[in-house]
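Chain and residue survey
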Number of protein chains: 2
Amino acid sequence: MEIAEIGEFGLIRHLTENIELKNPETKRGAGDDCAVMEFGEGRQVLVTTDLLMEGVHFDLQYVPLKHLGYKSAMVNLSDIYAMNGRPRQMTVSIALSKRFTVEDMEQFYEGLQLACDAHGCDIVGGDTSASLTGLAISITCIGDARKENVVYRDGAQATDLICVTGDLGAAYMGLQLLEREKAVFNSQIKNEKVKIKNDSEGGLEFQPDFAGKEYLLERQLKPEARKDIIEALAKEGIRPTAMMDISDGLSSELHHICSQSHTGCRIYEERIPLDYQTAVMAEELNMNVTTCALNGGEDYELLFTVPLTEHDHVAAIPGVKVIGHMTKPELGLLLVCRDGTEMELKAQGWNPLK
Amino acid sequence: MEIAEIGEFGLIRHLTENIELKNPETKRGAGDDCAVMEFGEGRQVLVTTDLLMEGVHFDLQYVPLKHLGYKSAMVNLSDIYAMNGRPRQMTVSIALSKRFTVEDMEQFYEGLQLACDAHGCDIVGGDTSASLTGLAISITCIGDARKENVVYRDGAQATDLICVTGDLGAAYMGLQLLEREKAVFNSQIKNEKVKIKNDSEGGLEFQPDFAGKEYLLERQLKPEARKDIIEALAKEGIRPTAMMDISDGLSSELHHICSQSHTGCRIYEERIPLDYQTAVMAEELNMNVTTCALNGGEDYELLFTVPLTEHDHVAAIPGVKVIGHMTKPELGLLLVCRDGTEMELKAQGWNPLK
């Protein structure tokens, strides 16, 4: 169905009419000038926002719209957890070019809703509009936390332990894999080796080679915000001294925490958690797997620091790994390599403006 | 200065380093995973968001970036007032194509800051990124109000008075004027009648004809959210039964309020507030001025309803005009024309997806 048939208000109504509000903090969702919420006494409100542009942040040639909706929500949920908060509400704005249909937007919302349901977050409004070019997505997520539980980036002390969750570099390897198969596909299209199937799916006779690399694809296309870790930390009674989520790469995030906490750090290459598939893919692409883990980005794992005294507690939480410790600022940011040599950690990160 | 020179984090730092936080509710601004705020007991939090796309919502050929920043903020502030709230915080996301410089973004932020300062709103974060094509702007505004003061669209009763602030249709006439002069300019460029001046301003030897129409331009390029009216209503102890801001046109907004309040309405053509310049411009363009006032949009005035008993109170507030009254839903939405005939109010509004 063409979106023009139902118009802006029709599309918004269609996409939002079945949304159920789950949080008692959400007083009113979509349908007025503002969404309305109310938080209990002693609670602080957390707000984060992300703007995702087609061709810069995502490539619709290989990202299904449902996955895009899921991931768009997830990257914002991750920022709320990174403050030790719980996500409560989300606003979703989309600008669409004419090539999108109502069904496309249903797919996008399905992914969005799946992510929000898994994290107890209400979709409370947004904006839908036209775009002359590609798809633009802007999501704002609102969360809350008891005042004394909010964790910033600036609270790390010089002797704190540095912890990361999950494993790193796999989402970046997934991106490389997708880009490689896209290049193969495009060159086959160019040489007319691929036929466009004339079926209802409009599919193509092309089978990308993802065998044995499913985990990398999942990490790139369907990242998971670490609600489980935030719950485990709360259960263990551990309040991190500083925390953020790893979206631009471990190196870049360590620079943020060290700079804001006025510390240095020392992490150990052998302690950086890697998945087997990440290592295999890096090998295939002739890349250094540690570099990928340090600078790849899009992991959406948590990086946090805890006092030295919490070592046994924190090391016992499944999915958490201690990778090093904070130091005095004058000692700099160092990576201790497998052979014992020390290297300065460079914040390459991901600079979309370069 | 090229934005690539300072990168994403550099640009954000540059644009946000001088931002002062003014509200005691704002606990942390830009620089962490989330902004943090805390509202007093009994207060509700209001959230609104808008996504503005180049070529759809604004035309940089005639909108200066400073005005664009100002207006982008204002349309969101207006939504907070439309709930009878006070704006407190704002997040600002921008996606930029390569043609923008650091100075361009300074201009944009200058306008943004000017609007926020005038309305006591803190800029607390956002996202800055690249765009393959035009400029995309996403703003989320957060406000608050005492729980019992929040005004929705669904509270109007069948006998309530309908009020609007300011005058209507001028912003739309301003847009027509700018489009007309743009067309003149472009045709002169095409016919090589305009020379590009070789001075530091990079200006053009073209003088658009805006004489006597300054008010229309101001309404289009520099709208003002009606903080003054919200304050006056509070001072008079009047709580509207329903309220929204007029962004898509009076007709469209009346449809929203009537539909959500389950009422009809009857408004009087002769009561619709118009500026003299709006009438003159409509005449020049051979348009019906009432149609412009009903469907023009971008007025950012307030439309609200009050109980009949408040008539004298509300009519005494400068800038407020009673234009009709609500009715039972079965009576429909009617415009009583100057000659006494009745017409059905159609919600043409502005449909960017059509």
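The structure displayed is predicted, hence computed values, not measured ones.

1. A few points about the overall build of chain A
Each helix and strand counted, chain A has ten helices and 13 strands in total. Over its C-alpha atoms chain A spans a radius of gyration of 22 Å, differing by no more than 12% from the 20 Å that the globule rule assigns to 354 residues. C-alpha extents for chain A along the principal axes are approximately 60 × 60 × 35 Å. In chain A, which comprises 354 residues, the proportion classed as buried is 57%. Summarising the internal contacts of chain A: among those between residues at least 6 apart in sequence, 85% fall at separations of at least 24. When the accessible surface of chain A is totalled, it reaches about 15,000 Å², and 48% of it is carbon and sulfur. Taking the average place of the 34 positive charges on the side chains of chain A and the average place of its 56 negative ones, the gap between the two points comes to 2 Å.

2. Topic: the interface of chain B and chain A
The interface of chain B with chain A comprises 69 residues on the first partner and 69 residues on the second. When the shortest N-O distance is used, the salt bridge between Arg153 of chain A and Asp33 of chain B registers 3.2 Å. Across the contact surface, chain B and chain A share 22 residue pairs in polar contact (both at pLDDT 80 or more). No other element matches the ten residues that strand β3 (residues 43-53) of chain B contributes to the side of chain B that touches chain A. Taken together, the residues that form the side of chain B that touches chain A break down as 31 nonpolar, 20 polar and 18 charged. With three bridges connecting them, strand β3 (residues 43-53) of chain A and strand β2 (residues 35-37) of chain B associate as antiparallel partners. Bridging across to β2 of chain B, Val45 of chain A finds its partner in Met37 of chain B.

3. Some points on the sheet that holds strand β13 (residues 342-344) of chain A
Paired through their backbone hydrogen bonds, the strands of a sheet run either parallel or antiparallel. Residues and elements named next belong to chain A. With respect to topology, seven strands assemble into an open sheet ordered β8-β10-β7-β11-β9-β12-β13, the strand pairing being mixed. Edge positions in the open sheet fall to β8 (242-246) and β13, since each of these has one partner strand only. Between one strand and the next, the sheet's axes are offset by a mean angle of 25°, whatever the strand orientation. Here strand β9 (residues 264-268) pairs with strand β12 (residues 333-336) via four bridges, running parallel.

4. Here we look at the sheet that holds strand β5 (residues 122-130) of chain A
Ordered by their spatial adjacency, six strands build an open sheet running β5(A)-β4(A)-β6(A)-β3(A)-β2(B)-β1(B), and the pairing between neighbours is mixed. A strand with exactly one partner marks an edge of an open sheet, and here the two such strands are β5 of chain A together with β1 (26-28) of chain B. Neighbour to neighbour, the strand axes of the sheet diverge by 20° on average, direction disregarded. Pairing analysis gives eleven bridges linking β3 of chain A to strand β6 (residues 136-146) of chain A, with the strands arranged antiparallel. Counted as the bridge partner of Leu52 of chain A is Ile137 of chain A from β6 of chain A. Against the sheet, helix α2 (residues 65-81) of chain A engages β3, β4 (86-96) and β6 of chain A, with an angle of about 35° to β6 of chain A.

5. A few points about the confidence of the model for chain A
Per-residue pLDDT for chain A has a mean of 91; in total, 95% of the residues score no lower than 70. In the predicted assembly, ipTM is 0.90 and pTM is 0.92.

6. Quick word on the packing of aromatic side chains
A full pass over the atoms with the stated rule returns two aromatic pairs over all chains. With centroids separated by 6.3 Å and ring planes inclined at 70°, the aromatic side chains of Phe108 of chain A and Tyr109 of chain A adopt a geometry described as edge-to-face. The ring of Tyr152 of chain B has Arg28 of chain A lying over it, and the distance from NZ or CZ to the ring centre is 3.7 Å.

7. Some details on the pattern of salt bridges
The full count for this structure, using the stated rule, is 46 salt bridges over all chains. As a salt-bridge pair, Glu54 of chain A and Arg99 of chain A come within 2.4 Å of each other at their nearest N and O atoms. Within this pair, whereas Glu54 of chain A is found in the loop between β3 and α2, its partner Arg99 of chain A is found in the loop between β4 and α3 (102-118), the two being separated by 45 residues in sequence. We note a salt bridge from Arg88 of chain B to Glu25 of chain B, for which the minimum N-O separation is 3.9 Å. Within this pair, whereas Arg88 of chain B is found in strand β4 (residues 86-96), its partner Glu25 of chain B is found in the loop between α1 (3-16) and β1, the two being separated by 63 residues in sequence. Exposure class is identical for Arg88 of chain B and Glu25 of chain B. Each is buried. Taken together, the shared-partner salt bridges in this structure form one network comprising Glu25, Arg43, Arg88 and Asp144 of chain A.

8. Observations regarding the side chain of Ser261 of chain B
As for its placement among the helices and strands, Ser261 of chain B is situated in helix α7 (residues 250-261). For Ser261 of chain B, the contacting residues outside a window of four places in its chain are Arg153, Asp154, Gly155, Ala156 and Ala242 of chain B.

9. Digging into the environment of Leu114 of chain A
All names here are of chain A. On the secondary structure map, Leu114 appears in helix α3. Residue classification places Leu114 among the partly exposed positions, given a relative accessible area of 44%. The sequence separation of Leu114 and Gly69 amounts to 45 residues, and the corresponding C-alpha distance is 8.8 Å.

10. With respect to the nonpolar core
Inside soluble globular proteins, nonpolar side chains tend to come together where they are buried. Of all hydrophobic cores here, the largest spans 71 residues; its most connected members are Leu77, Met90, Met105, Phe108, Ile137, Phe304 and Val314 of chain B. Excluding its chain neighbours within four sequence positions, the residues that come into contact with Met105 of chain B are Ile3, Leu11, Leu15, Ile94, Leu96 and Phe100 of chain B. Counting residues in each nonpolar core, the second largest holds 70 residues, with Leu161, Cys163, Ala282 and Leu302 of chain A among its members.

11. Quick notes on the pairing of strand β11 (residues 320-327) of chain A
Residue and element names in this part refer to chain A. Among the eight residues in β11, six count as buried, and that is most of the element. Two elements, strand β7 (residues 161-165) and β11, share five bridges in a ladder whose sense is antiparallel. Residue pairing in the sheet places Val164 in a bridge with Lys321 of β11.

12. Examining unusual backbone geometry
For residues that are not glycine, phi is negative in most cases, and the peptide bond is trans in most cases. All names here are of chain B. Its identity as a non-glycine residue notwithstanding, Glu298 has a phi of 65°, on the positive side. On the secondary structure map, Glu298 appears in the loop between α9 (289-295) and β10 (301-306). If you check the backbone angles, Tyr300 has positive phi at about 55° while not being a glycine. Tracing the sequence through the fold places Tyr300 in the loop between α9 and β10. Judged by relative accessible area, Tyr300 falls into the buried class, the value being 9%.

13. What to know about the packing of helix α1 (residues 3-16) of chain A against α3 of chain A
Residue and element names in this part refer to chain A. Closest axis-to-axis distance for the α1/α3 pair is 11 Å, and the angle between their directions is 20°. Classified by the angle between their axes, α1 and α3 sit roughly parallel to one another. α1 and α3 meet at a crossing whose hand is right-handed. From α1, Ile3, Ile6, Leu11, His14, Leu15 and Thr16 reach across to α3, where they touch Val102, Met105, Glu106 and Tyr109. Within the contact of α1 with α3, the residues separate by chemical class into seven nonpolar, two polar and one charged.

Thresholds applied
- Residues numbered from 1 in each chain as written.
- Chains lettered and ligands numbered in written order.
- Predicted model: local features only at pLDDT ≥ 70, side-chain atom pairs only at ≥ 80, totals over all residues.
- Heavy atoms only, no water.
- Helix = DSSP H or I, 4+ residues; strand = E, 2+ residues; numbered from the N terminus.
- Rg over C-alpha atoms; globule rule 2.2 N^0.38 Å.
- Buried < 20%, exposed > 50% of the residue type's maximum accessible area, 1.4 Å probe, protein only.
- Contact = heavy atoms within 4.5 Å.
- Areas by Shrake-Rupley, 256 points an atom, 1.4 Å probe, with all protein chains shown as cover.
- Lys, Arg positive; Asp, Glu negative; His and termini not counted.
- Charge placed at Lys NZ, Arg CZ, Asp CG, Glu CD.
- Salt bridge = Lys/Arg side-chain N within 4 Å of Asp/Glu carboxyl O.
- Polar contact = N/O pair within 3.5 Å; in protein donor to acceptor, adjacent residues only side chain to side chain.
- Nonpolar A, V, L, I, M, F, W, Y, C, P; charged D, E, K, R; others polar.
- Pairing = 2+ DSSP bridges.
- Axes fitted to C-alpha atoms, helices over the stretch in contact; angles between N-to-C directions.
- pLDDT = per-residue confidence, 0-100.
- Phe/Tyr/Trp six-rings, centres within 6.5 Å; stacked < 30°, edge-to-face > 60°.
- Lys NZ or Arg CZ within 6 Å of the ring centre and 35° of its normal.
- Core = buried A, V, L, I, M, F, W, Y, C linked by side-chain atoms within 4.5 Å.
- Parallel < 35°, antiparallel > 145°, perpendicular 65-115°, else oblique.
- Left-handed = near helix turned anticlockwise from the far one by under 90°.

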